[in-house]
Amino acid sequence: MALPDALSRPPTAWQRRPRPFRWVKRFLPRTLFGRSLMIMMTPVVLAQAIATFVFYDRHWETMTNRLAFGVAGEIAMVIDQMDRTAGEEGRNGVFVAAARTMDILVTFSPGERLPEGRQRLRGILETTLAKALDERVRRPWWLDTNVAHEWIEIRVQMPDGVLSVLSPERRLFSFTSYLFILWMIGSQLVLFTVAILFMRNQIRPIRRLAVAADAFGKGRDTPEFKPEGALEVRQAAHAFLVMRERIRRQIRQRTEMLAGVSHDLRTPLTRMKLQLAMLPDHPEVEELKADVADMETMVEGYLAFARGEGGEAPQPVELGSLLQEVAGNARREGGTVALDLGPAAEDEVVLPLLPATLKRCLANLVGNALRYGRQAWVTLRPAPGAWEVVVDDDGPGIPPTQREAVFRPFQRLDPSRNPETGGVGLGLTIARDAARRHGGDVVLEDSPRGGLRAVVRLPV
Ligand SMILES: Nc1ncnc2c1ncn2[C@@H]1O[C@H](COP(=O)(O)OP(=O)(O)OP(=O)(O)O)[C@@H](O)[C@H]1O
Ligand SMILES: [Mg+2]
């Protein structure tokens, strides 16, 4: 679709002003769906993240600290007891008591030594426990958190061997902390799912409105479109419907008026022709006759234009065969037309089109190419979001400054450039109007064949 004028103009000063956080935009979601989801979820996630952080900081760390110091204190006590009791018997008594009252399994391996150096610690549990052991036990130690499932081994270097303490993990770990985190993540997931479901339903009517507006812009109809959704969306949809109706009415009115005026002009023109035919031969009469003939052609042109705008409905059309038909018609009238269907030669290119309107558009362009040049080259090519029909010729072309002017009704270039032609100057007007009714446009360029290139853009 052609951009509205305001968008295709070069940026004005306020648009060019540097915007400091433009790069942030690249990371933001582009759809309304994504944005609303982000607006909804960001505060929730942020609040929960802060809560989690505070919880970690305050609750979890204090908890782990207390538990770690508890276990370290028990180990210190066992060591203390061991120092006081002599003999293996007494030692074993201490170990049994520890197992029974404190839930830790203690064994002693005489003569063993711990590995040298300090162990590398991972995670909050190990660091907290290490701190507690340093403070309470005050002997070299070694940690093994993976000794068995849900068990932790703490080995302490004694003067004559290694004391091994096995403690269940739950003694050092607060599982409610996990629950808390799980609950946080879980509640966020639930919120997220509910938000997605609700947002989807809110976005759908907006998307439908966009589709209907796009289709109307391309001359296609969406009669089933009805306003629905939130109040604002409904308002926009309603405004669109009113606007669509007004545009349709305007087109109808214009067409009817044009057809009426052209039709009514025919009768006095025919009368004038008859009266002129009855006048005696005279150079001035001949001139008058030529003028009347010109006026008749103009009126016919207007009528054809007006008729074309009558209610032709869009229908699926195969572009390739439509182009072949246009080229065939031109060849039958003696023109040389080279046709290149590009990808459409193998695959069918089917678009919803107004066939008669488009045929007249292309026939006018090919007609111009053959009238002002010797040969016409018609090419179909894909473009982003559209198909383009390119009509080239080897004629004199149109200077860039004139390329907009020639689209105006009855606008013809200096007749000395193309002496033997007898058009009225409606061909390009009709062609552009036809393309715009498809949501596309006709633009003029220089042709590599030496003459003019007309590009008809048809959005898919
Ligand atoms: N392919 C072309 N090469 C050179 N000049 C062209 C070409 N097509 C159009 N023009 C110029 O643009 C003018 C307007 O073209 P347009 O098709 O609207 O009218 P026309 O060809 O003069 O008459 P008709 O209404 O019969 O088509 C022409 O008079 C001609 O001067
Ligand atoms: Mg023409």
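Residues numbered from 1 in each chain as written. Chains lettered and ligands numbered in written order. Predicted model: local features only at pLDDT ≥ 70, side-chain atom pairs only at ≥ 80, totals over all residues. Heavy atoms only, no water.

1. With respect to the overall build of the chain
Argument step 1. Secondary structure summary: the chain contains 12 helices and 11 strands in total.
Argument step 2. Here the chain has a C-alpha radius of gyration of 44 Å; the compact-globule value for 460 residues is 23 Å, and the former is much larger.
Argument step 3. Its C-alpha atoms put the chain at 155 × 50 × 45 Å along the principal axes.
Argument step 4. Within the chain, residue pairs in contact and separated by at least 24 positions form 64% of the contacts whose partners lie at least 6 positions apart.
Argument step 5. As presented, the chain carries roughly 28,100 Å² of accessible surface, and 58% of it is formed by carbon and sulfur atoms. (Helix = DSSP H or I, 4+ residues; strand = E, 2+ residues; numbered from the N terminus. Rg over C-alpha atoms; globule rule 2.2 N^0.38 Å. Contact = heavy atoms within 4.5 Å. Areas by Shrake-Rupley, 256 points an atom, 1.4 Å probe, with all protein chains shown as cover.)

2. Digging into the packing of helix α4 (residues 32-84) against helix α7 (residues 175-217)
Two quantities define a packed helix pair, namely the angle between the axes and the distance from one axis to the other.
Argument step 1. For the pair α4 and α7, interaxial distance at closest approach is 9 Å and the crossing angle is 170 degrees. Considered as vectors, α4 and α7 are oriented roughly antiparallel to each other.
Argument step 2. Looking at side-chain class alone, the contact of α4 with α7 contains 22 nonpolar, six polar and one charged residues. (Axes fitted to C-alpha atoms, helices over the stretch in contact; angles between N-to-C directions. Parallel < 35°, antiparallel > 145°, perpendicular 65-115°, else oblique. Nonpolar A, V, L, I, M, F, W, Y, C, P; charged D, E, K, R; others polar.)

3. Regarding the site of ligand 1
Argument step 1. Not every one of the 18 residues close to ligand 1 is listed here, only the nearest: Asn368, Asp393, Arg412, Leu426 and Leu428.
Argument step 2. Between a nitrogen atom of ligand 1 and a side-chain N or O atom of Asp393, the distance comes to 2.7 Å.
Argument step 3. A distance of 2.7 Å separates an oxygen atom of ligand 1 from a polar atom in the side chain of Arg412.
Argument step 4. When isolated, ligand 1 has an accessible area of 590 Å², and the protein chains bury 94% of it.
Argument step 5. If one sorts the elements of the shell around ligand 1 by residue count, helix α11 (residues 355-372) sits on top with three residues.
Argument step 6. Within the shell around ligand 1, the residues separate by chemical class into eight nonpolar, seven polar and three charged. (Near = heavy atom within 4 Å. Polar contact = N/O pair within 3.5 Å; in protein donor to acceptor, adjacent residues only side chain to side chain.)

4. Overview of a negative patch on the surface
Argument step 1. On the surface, a cluster of negative charge is made up of Glu284, Glu287, Asp291 and Asp294.
Argument step 2. You can call Asp294 partly exposed: its relative accessible area is 44%. (Patch = residues over 30% accessible without salt bridge, like charges linked within 9 Å, V, L, I, M, F, W, Y side chains within 5 Å. Salt bridge = Lys/Arg side-chain N within 4 Å of Asp/Glu carboxyl O. Lys, Arg positive; Asp, Glu negative; His and termini not counted. Charge placed at Lys NZ, Arg CZ, Asp CG, Glu CD. Buried < 20%, exposed > 50% of the residue type's maximum accessible area, 1.4 Å probe, protein only.)

5. Things to note about the domain arrangement of the chain
Argument step 1. Domains assigned within the chain are domain 1 (5-49 + 179-206), domain 2 (58-173), domain 3 (207-311) and domain 4 (313-459).
Argument step 2. Each partner contributes residues to the interface: domain 1 has five residues there, and domain 3 has eight residues.
Argument step 3. Of all residues in domain 1, Arg204, Pro205 and Ile206 give up the largest surface area on contact with domain 3, accounting jointly for 78% of the area buried on that side.
Argument step 4. Inspection of the region where domain 1 meets domain 3 yields zero salt bridges.
Argument step 5. Joining domain 1 to domain 3, the criterion identifies nine residue pairs in polar contact (both at pLDDT 80 or more).
Argument step 6. Here the residues of the side of domain 1 that touches domain 3 sort into three nonpolar, one polar and one charged. (Domains from an automatic or database assignment. Buried area = accessible area lost by both parts, 1.4 Å probe.)

6. As for the confidence of the model for the chain
Argument step 1. Mean pLDDT for the chain: 86, with 93% of residues reaching 70 or above.
Argument step 2. Predicted confidence for residues 1-9 stays below pLDDT 50, and this span has six contacts to residues more than four positions away or in other chains. (pLDDT = per-residue confidence, 0-100.)

7. Concerning the packing of aromatic side chains
Aromatic rings in a pair are described by how distant their centres are and how their planes are angled relative to each other.
Argument step 1. As enumerated under the stated definition, the model contains three aromatic pairs in all.
Argument step 2. Note on Trp23 and Phe27: the rings are 6.4 Å apart at their centroids and 75 degrees apart in plane angle, and the pair reads as edge-to-face. Of this pair, Trp23 and Phe27 both sit in helix α3 (residues 22-27), separated by four residues, roughly a single helical turn.
Argument step 3. Measuring from ring centre to ring centre gives 5.8 Å for Phe225 and Phe240, while their planes differ by 80 degrees; the resulting arrangement is edge-to-face. With Phe225 in the loop between α7 and α8 (231-278) and Phe240 in helix α8, this pair connects stretches of sequence that are 15 residues apart.
Argument step 4. A network of ring pairs unites the aromatic residues Phe216, Phe225 and Phe240 as a single cluster.
Argument step 5. Here the basic side chain of Arg91 rests over the ring of Phe108, its NZ or CZ set 4.2 Å away from the ring centre.
Argument step 6. In this structure, Arg432 packs its charged tip against the face of Phe407, placed 3.7 Å from the ring centre. (Phe/Tyr/Trp six-rings, centres within 6.5 Å; stacked < 30°, edge-to-face > 60°. Lys NZ or Arg CZ within 6 Å of the ring centre and 35° of its normal.)

8. Observations concerning a nonpolar patch on the surface
Argument step 1. Residues Leu46, Ile50, Phe53 and Val54 make up a contiguous nonpolar surface patch of roughly 420 Å² in combined accessible area.
Argument step 2. In this structure, Phe53 sits in helix α4.
Argument step 3. For Phe53, a relative accessible area of 56% puts it in the exposed group.

9. Details of the nonpolar core
Argument step 1. With 39 residues, the main nonpolar core has Leu319, Leu365 and Val456 as its most contacted residues.
Argument step 2. If you list the elements that add at least two residues to this core, you get α10 (319-332), β7 (350-353), α11, β8 (375-383), β9 (386-393), α12 (427-437), β10 (441-446) and β11 (452-459).
Argument step 3. Core analysis: the next-biggest nonpolar cluster, separate from the first, contains 33 residues, Trp60, Ala68, Val94 and Ala98 among them. (Core = buried A, V, L, I, M, F, W, Y, C linked by side-chain atoms within 4.5 Å.)

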